[in-house]
Amino acid sequence: MAEEEDEAGFDEDLDEGAGGTDGSHGKRKRLFSKELRCMMYGFGDDQSPYTESVDILEDLVIEFVTEMTHKAMSIGRQGRVQVEDIVFLIRKDPRKFARVKDLLTMNEELKRARKAFDEANYGS
């Protein structure tokens, strides 16, 4: 009996504190659930992971992106986020820095390939 009361109280504590700063945890639309489920599966989780796990991971992703965006807006040109600002913020994390550099390089290669493809198809 005492265990049931403790468990119920624990669940209530989680529900109250799970809202984060905006208090709309359960009400807000999940933006990345599908992608996170696929990524979790790709990294060795079950094909359909627990919803709670996906929700926690999504909260962490959104928190990270929000913090990085606020930091990026405070450096460089005030109120604007530029690629250089993000690179500056992650410069001390070798893994993130290398990944961003790879993605930026790939983006440039794709732009050049699209441009060459368009010129070949439509002539210039």
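Residues numbered from 1 in each chain as written. Predicted model: local features only at pLDDT ≥ 70, side-chain atom pairs only at ≥ 80, totals over all residues. Heavy atoms only, no water.

- The name that an unreviewed UniProt entry assigns to the protein is Transcription initiation factor TFIID subunit 13, with the source organism given as Esox lucius.
- Comment text from UniProt for the protein, heading Sequence similarities (unreviewed entry), reads "Belongs to the TAF13 family."
- In its Subunit (unreviewed entry) section, the UniProt entry covering the protein states "Component of the TFIID basal transcription factor complex, composed of TATA-box-binding protein TBP, and a number of TBP-associated factors (TAFs), including TAF1, TAF2, TAF3, TAF4, TAF5, TAF6, TAF7, TAF8, TAF9, TAF10, TAF11, TAF12 and TAF13. Interacts with TBP, and more strongly with TAF10 and TAF11." (UniProt positions renumbered as here; feature names shortened; annotations may be inferred.)

1. Concerning the overall build of the protein
Then step 1. Broken down by element type, the protein carries five helices and zero strands.
Then step 2. Order of helices (α) and strands (β) in the protein, N terminus to C terminus: α-α-α-α-α.
Then step 3. For the protein, buried positions account for 11% of its 124 residues.
Then step 4. Intrachain contacts of the protein at a sequence separation of at least 6 include 28% that bridge at least 24 residues.
Then step 5. Accessible area for the protein stands at about 10500 Å²; split by element, carbon and sulfur atoms hold 56% of it. (Helix = DSSP H or I, 4+ residues; strand = E, 2+ residues; numbered from the N terminus. Buried < 20%, exposed > 50% of the residue type's maximum accessible area, 1.4 Å probe, protein only. Contact = heavy atoms within 4.5 Å. Areas by Shrake-Rupley, 256 points an atom, 1.4 Å probe, with all protein chains shown as cover.)

2. What about the confidence of the model for the protein?
Low pLDDT marks stretches whose predicted atomic positions should not be read closely.
Then step 1. Mean pLDDT for the protein: 81, with 77% of residues reaching 70 or above.
Then step 2. For residues 1-24, every residue scores under 50 in pLDDT, and the model assigns this stretch three contacts once sequence neighbours within four places are set aside. (pLDDT = per-residue confidence, 0-100.)

3. Quick notes on the environment of Tyr50
Then step 1. Along the chain, Tyr50 falls in the loop between α2 (33-42) and α3 (51-74).
Then step 2. By relative accessible area, Tyr50 is classed as exposed at 64%.
Then step 3. Taking C-alpha positions, Tyr50 is 9.1 Å from Arg37, a pair spaced 13 residues apart along the chain.

4. A closer look at α2
Then step 1. Turning to α2, its buried residues number three or more, namely Ser33, Leu36 and Met40. Seen along its axis, α2 keeps its buried residues to an arc of 65°; they face one direction. Exposed and facing more than 90 degrees away from the buried side of α2 are Lys34, Cys38 and Gly42.
Then step 2. Once α2 finishes, Gly44 follows within two positions and takes phi at roughly 105°, a positive value. (Arc of directions from axis to C-beta.)

5. What about the pattern of salt bridges?
Then step 1. Scanning the model with the defined rule gives five salt bridges in all.
Then step 2. Taking the shortest distance from any N to any O, the salt bridge between Lys111 and Glu108 comes out at 3.9 Å. In this pair, Lys111 and Glu108 both sit in helix α5 (residues 94-122), three residues apart, roughly one turn of the helix.
Then step 3. Assessed through its relative accessible area of 37%, Glu108 is described here as partly exposed.
Then step 4. Among the ionic contacts, a cluster of salt bridges with common partners joins Arg30, Asp55, Glu58 and Asp59. (Salt bridge = Lys/Arg side-chain N within 4 Å of Asp/Glu carboxyl O.)

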